Structure formats: C-alpha cells, structure tokens
Amino acid sequence: METLNQIFILFLLIVVGYISKKLRVISNDMNRDVSSFVTSVALPALIISSLSSYSFTTEALVKSGALVLISCAVYALSICIAAFVPSVLKIEGSARDIFQFITVFSNVGFMGYPVVNAIYGEQGVFYAALYNLPFNAVLWTYGVMVLSRPLMEKKAAVLDSRGSIDLKLLINPGLISVLTGFCLFVTSTRLPGPVFSAFQMIGSTSTPLSMVFIGSILADTRIQEIFANGKIFIASSLRLLVIPLIVMGVLRALGFQGMMVGIPVLITAMPVAANCAIMSTRYGNDYHLASQSVFVSTILSMATIPAIAMLL
C-alpha cells in the first residue's frame, strides 16, 4: 500500500501539470525556467541536505562500504547494458540518448526511500542513503554526458574558439553539490539549523516541480502517441524487471542476504528518474520522449514493484 500511495501521488502531480498546461497556467517559457531551477538549485540543495544529515559509525562502516561498492557495480552493469540498448531497439539520435539514460537511472528519491522504509524501516532508509551516494556522481557525469550529446555534436557546449575542451558540462552545480555533501558526510559536519532547513525546503521542491513539469510536457503530446510507442514499454521493462532481477541473482549468488540484497534490488526496480525530463530540457535533448518514458514506467511500476518486493 505504501508503494501504491507513492505512485499515486506521482500520478496526481503529473495530472496537475497536465491540466495547468491545458488551462495555460503554465507556458513553455516557464518550463525552461523550471528545468533550470531544478537542475541548478533544487537538486543540489536536496543532495547537500540529504548527505549532511547522516554520519558514519564504526558499526555501520563495513556494511556501508559494501553497499557503496555494490551500488558502483550496479551502475557499471547498467551502463554496460545501456550501451547495447540503441542497437537492440534500432534507435539513434536523441532517442538513443534518452533510452540509455532511462536504462541507468531510476527514481531513487521520491519513490525509493518510501518503499525501502515500508519494508526495512528507518535503518533501511539510512543504508539506502549510503547506497545512493554514487547515484549523484554518476548522474552528473555520465548522465550529463549522455543527455548533452546534441550540444556536444554541434560543438556549441564543449569547444571554445580555440578548440579546447570547455569544462562547464562536467563542473556543474550537481557535481559540486555531490562533492560538498560527501565532504560534510564523511566528516559528520552538520549545517547550521536555519541553513539546513532552507536547503531541505528548497530540495523538497525538486520532485513536485519535476512531476508537474512532466505533466505540462505531456499536455503537448497526444496520449495515443505515448502508448503507441512500443519501445518505451520495452525500455521500461528493462528498467523495472530485467536489471533488478539480474542484480538479485548476482547478489544472492555471491552470498549476500537481507538488506544487502533488498536495498540494491528495490532501488534498481524504481521507475525512470523524474529528473530525466528536466535534464533533457536543460541540455537540449528530447524532453517529450523523456516525459513519456517517466509516465509509462511510473504506471507500470504499480505492478512490478510489489512483484519484485515479494521475491525478496
């Protein structure tokens, strides 16, 4: 029920964005501003506030290290699988970029934590936060690289007048916030109360803004087009079922049990990350296809997440 509640909340936020766009409360100019705000302000604030709220303990150190290593291995596996997605689905251009992104990145924040909490409690949420440490680093390096390919191919973003590399795509607010948050995390440094609360409040806007944004984008697309694209369903099945089952099988074969299996599998089984659409807009990629992928995978996850949870 907790899982279904979280999915239904996401769906309602998408509906709000859809209706707002149809009623012309939201414009395309506002969409561009929202995407810039979320990627440059809200998400970095969420990252810093989340990482600074936890600290290492001797008891949890070994398990924490193992989970981070497992997380890195899962992302490496997902990136390898994503490399073959374009050839299997016979896609290229911007569709290639979107499908590779959605193969690697799941909705670890808004849906991942509540689902883990429902199954494993507060201790599970703590370890899920540690497991998710590599997510932001991979998102703001590999993720940015994939979604910014149209800009890179035009040499408008990565080359300056002398032909040398422009580091603006790599040195971005997201990556800076990951490094800042990680330093606070490993040193157990706490932000001052008002500062932490401000960061937490700003960060909490990232999910609702992202889902409303997706709904507004979908308002410009015919619903028939969304469900007529069979490749989205194939990619969603890969995201929701195939990769989580592979992770489960490998971890159990290696002798892991309990949360050491459950947390990686559950996080991997979440639908497409909501910020896929936001970042696609920010970096000039196909945000319509990205929004459709988030919508379809979120709907399908109402059936797949409970099924995966029953196997743990």
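Here, every reference points to the structure presented above.
Counting starts from 1 at the beginning of each chain's written sequence and moves along it residue by residue. Local features in this predicted model are restricted to residues of pLDDT 70 or higher, and side-chain atom pairs are both shown and tallied only at a pLDDT of 80 or more, whereas totals for entire chains, interfaces and linings draw on every residue. Side-chain numbers come from the whole structure's heavy atoms, not from hydrogens or water.

Student: Got a minute to help me understand the nonpolar core in this structure?
Tutor: The tendency in soluble globular proteins is for nonpolar side chains to be buried side by side. Residue types Ala, Val, Leu, Ile, Met, Phe, Trp, Tyr and Cys, when buried and joined through side-chain atoms within 4.5 Å, form a set referred to as a nonpolar core. Think of it in three bands: with a 1.4 Å probe and only protein chains considered, a residue is buried below 20% of the maximum accessible area for its type, exposed above 50%, and partly exposed in between. Ranked by size, the top nonpolar core spans 82 residues in total, and within it F99, F105, W140, I214, I263 and M279 carry the most contacts. Beyond its immediate stretch of four places on either side in the chain, M279 contacts T39, F101, L139, W140, V144 and L147. By definition, residues are in contact when any of their heavy atoms lie within 4.5 Å.

Student: Honestly, empty space enclosed by the protein in this entry has me stumped. Any pointers?
Tutor: If a probe as big as a water molecule is rolled over the atoms, it shows which places are left empty. With a 1 Å grid laid over protein atoms only, a set of points is called a cavity when a 1.4 Å probe fits there but cannot get out and a pocket when it is open yet has protein on both sides within 12 Å along at least five of seven lines; lining residues have an atom within 4 Å of a point. Grid points are joined across faces, edges and corners, and a volume is the space filled by probe spheres set on the points. Applying the stated criterion across every chain yields a total of 1 cavity of 30 Å³ or more. Around the largest cavity sit V74, Y75, S78, V104, S106, Y131, R239, I267 and T268, which together line it. At the level of secondary structure, the elements contributing two or more residues to the lining of the largest cavity comprise α3 (58-89) and α13 (259-268). Segments assigned H or I by DSSP are reported as helices when at least four residues long, segments assigned E as strands when at least two residues long, and all are numbered from the N terminus. Tallying contributions element by element places α3 first for the lining of the largest cavity, with 3 residues. Basically, the charged four are Asp, Glu, Lys and Arg, the nonpolar ten are Ala, Val, Leu, Ile, Met, Phe, Trp, Tyr, Cys and Pro, and anything else, Gly included, counts as polar. For the lining of the largest cavity, the residue count by class is 5 nonpolar, 3 polar and 1 charged.

Student: Could you clarify how one ought to interpret the environment of L139 in this entry?
Tutor: Within the secondary structure layout, L139 lies in helix α6 (residues 133-147). Residue L139 is classed as buried on the basis of its relative accessible area, which comes to 1%. Residues L139 and V104 lie 35 residues apart in sequence; the distance between their C-alpha atoms is 9.0 Å.

Student: Explanation requested: the side chain of Q100 in the structure shown.
Tutor: Looking at the secondary structure, you find Q100 in helix α4 (residues 94-104). Overall, the relative accessible area of 7% leaves Q100 in the buried class. We call two N or O atoms a polar contact when they sit within 3.5 Å, provided that within protein one can donate a hydrogen and the other can accept it, with sequence-adjacent residues counted only if both atoms are side-chain atoms. Within the structure, Q100 has its side chain in polar contact with the side chain of R149 (distance 2.6 Å). Ignoring anything within four residues of it in the chain, the contact list for Q100 reads A82, A83, P86, Y142, V146 and R149.

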